[in-house]
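# Structure assessment
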Amino acid sequence: MAAPAAWLEHRFALIHGEDGDGRREAVEAWTRKHVDPEWADFSRTVCAEGCPWAEVVAALQEASPLGAEARTVVVPAADNLFSKRKGAAKDKKQELPPAVGALLLAPPSGVKLLLVAWSSIPAGPGNPLGSKPWTDWAKAGRILKVGALEPAEIGGFIQEEGRRLGLQLQPEAVEMLKERLGANMGHIKRAMEVFDLVSERRIVSPALVELMTYRMTDQRVFAWSEAWQKGQLAQAIKILRECQEDDFEKASLMLVGQAAREVGRVAAVAAAQARGMKKEADLAQVIQLPPNQAWLLSRTYLPAADRLGPTRSRQLFSQVVQCERDIKGMALSKSPAPLFRLTVALCQAWGR
């Protein structure tokens, strides 16, 4: 995805969204535009991941070296800057420190800033991008969102990619792709490129979708979660081994991320039910299920929440979090033990 020329012109800019390829390309294009490679080592500051606003402001206040046009500050993982501080009231808006707000409302000359968030930051009233200075940034075109499609746009985007590659997609195949790939533009584009290579008849059928998307790592992750949700331990372990043999680090993080999402949703539903919430529409909103996935509530999450209850589901989620810590702590040793233990625990708790 080529970054819009208008966005690239801004000295102060924000990029957010889940499309890793699009995000990387946009960051590289912005850097080429704004950083002189001859002076990059001296005039560019890359902040630490998860750094506070104070570090960003301090970097912007550093003097530019003689000979450099401007100092450039890049924040490579800025998601935390848009989160509420611990202890803040639920209904309280995210408020920027005064010094930060002043800088962002009126960017000073001689400095440049690129904020990079790996997830989509919500806009609108009460959300991080729903108030000044971010609303002014949005109007000015300083904010670029990559990779996230609205639920109603997914089918059209899939069909558009198919037409671009000369493929004919059967309606059932489009629905399968919507369910399996979600709203991530990068995943959809890569899947369509695979179909372009293997489809001799230029027709994408449900059978072809089933065959080809299973071999994608994220779809084997989906198959892994389906296996332990059904209590199929042998199948879950088999898929786990396949994923880790292909790409241990990436697959392990994707697997534990999938478990965190599934168990986290069940824990949230169980907690909401314990507070007296009964309507399915309200429960779907609690776990932010998009309309095209609403059927998962009654098929998957409600039965699991009824079976596990708030206490057990919370304990299971704690096991997932601990597994993630173990994986990151054993990254060099590449031990399969943490995910193996988690798979067994998930099968026993969820699929019993």
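In short, a report on the structure. All residue numbers refer to positions counted from 1 along the written sequence of the respective chain. Residue-level local features of this predicted model are given only where pLDDT is at least 70; pairs of side-chain atoms are given and counted only at 80 or more, and the full residue set underlies all totals for whole chains, interfaces and linings. The side-chain values count all of the structure's non-hydrogen atoms but skip hydrogen atoms and water molecules.

## Here's the deal with the sheet that holds strand β4 (residues 111-117)
Threshold: Paired strands are those between which DSSP finds at least two bridges. A run of H or I in DSSP counts as a helix once it spans at least four residues, and a run of E counts as a strand once it spans at least two, with each numbered from the N terminus. As a rule, the C-alpha atoms of each element are fitted with a line to give its axis, helices using only the stretch in contact, and angles between N-to-C directions run from 0 to 180 degrees. Working rule for contacts: check all heavy atoms of both residues, and any pair within 4.5 Å makes them a contact.
One open sheet accounts for five strands, arranged β2-β3-β4-β1-β5; its pairing is parallel. Each of the sheet's edge strands pairs with one partner strand only, and the pair in question is β2 (44-46) and β5 (143-145). Going across the sheet, the axis of each strand differs from the next one's by a mean of 15°, ignoring polarity. As judged from the three bridges shared by β2 and strand β3 (residues 71-75), these two strands associate in the parallel manner. Paired with Val46 across the strands is Val74, a residue of β3. Seen against the sheet, helix α2 (residues 20-34) touches β1 (12-16), β2, β3, β4 and β5 and runs at an angle of roughly 175° to β4.

## Examining the pattern of salt bridges
Using the following cut-off: A side-chain nitrogen of Lys or Arg and a carboxyl oxygen of Asp or Glu constitute a salt bridge if their distance falls within 4 Å. The buried label goes to any residue with under 20% of its type's maximum accessible area, the exposed label to any with over 50%, and the partly exposed label to all in between, with areas taken from a 1.4 Å probe on protein chains only.
Using the criterion set out here, one finds seven salt bridges in the structure. Where Glu62 meets Arg71, a salt bridge forms, and the shortest distance between an N and an O atom there is 3.8 Å. With a relative accessible area of 39%, Glu62 lands in the partly exposed category. Judged by relative accessible area, which is 6%, Arg71 ranks as buried. Note that Arg261 is salt-bridged to Glu262, the shortest N-O span being 3.6 Å.

## Regarding the packing of aromatic side chains
Within a pair of aromatic rings, the relevant descriptors are the distance that separates the centres and the angle that separates the planes. Selection criterion: Pairing of aromatic side chains requires ring centres within 6.5 Å, counting the rings of Phe and Tyr and the six-membered ring of Trp. Pairs whose planes differ by under 30 degrees are stacked, by over 60 edge-to-face, and all others tilted.
Across all of its chains, the model carries four aromatic pairs by this definition. Where Phe82 meets Trp134, the ring centres are 5.1 Å apart and the plane angle is 55°; that geometry is what we call tilted. Remark: Trp134 occurs in helix α6 (residues 134-140) and Phe82 occurs in the loop between β3 and α5 (98-105); sequence separation between them is 52 residues. The pair formed by Phe82 and Trp134 is uniform in burial state, with each residue classed as buried. Both rings, one in Trp228 and one in Trp350, keep their centres 5.2 Å apart while their planes meet at 75°; by these two values the pair is edge-to-face.

## Description of the packing of helix α13 (residues 248-274) against helix α16 (residues 337-350)
Going by this rule: When an angle is under 35 degrees it counts as roughly parallel; over 145 it counts as roughly antiparallel; between 65 and 115 it counts as roughly perpendicular; any other value is oblique. Handedness of a crossing follows from how the near helix is turned relative to the far one, being left-handed for an anticlockwise turn of less than a right angle and right-handed for a clockwise one. When residue character is reported, Ala, Val, Leu, Ile, Met, Phe, Trp, Tyr, Cys and Pro are called nonpolar, Asp, Glu, Lys and Arg charged, and the others, Gly included, polar.
Two numbers describe how α13 lies on α16: the axes approach to 12 Å, and their chain directions differ by 25°. Between α13 and α16, the crossing angle belongs to the class labelled roughly parallel. Where α13 crosses over α16, the handedness of that crossing is left-handed. When α13 is examined against α16, the residues Ser252, Leu255, Val256, Ala259, Glu262, Val263 and Val266 are found in contact with a partner set consisting of Leu339, Leu342, Leu346 and Trp350. When grouped by side-chain class, the residues that make up the contact of α13 with α16 number nine nonpolar, one polar and one charged.

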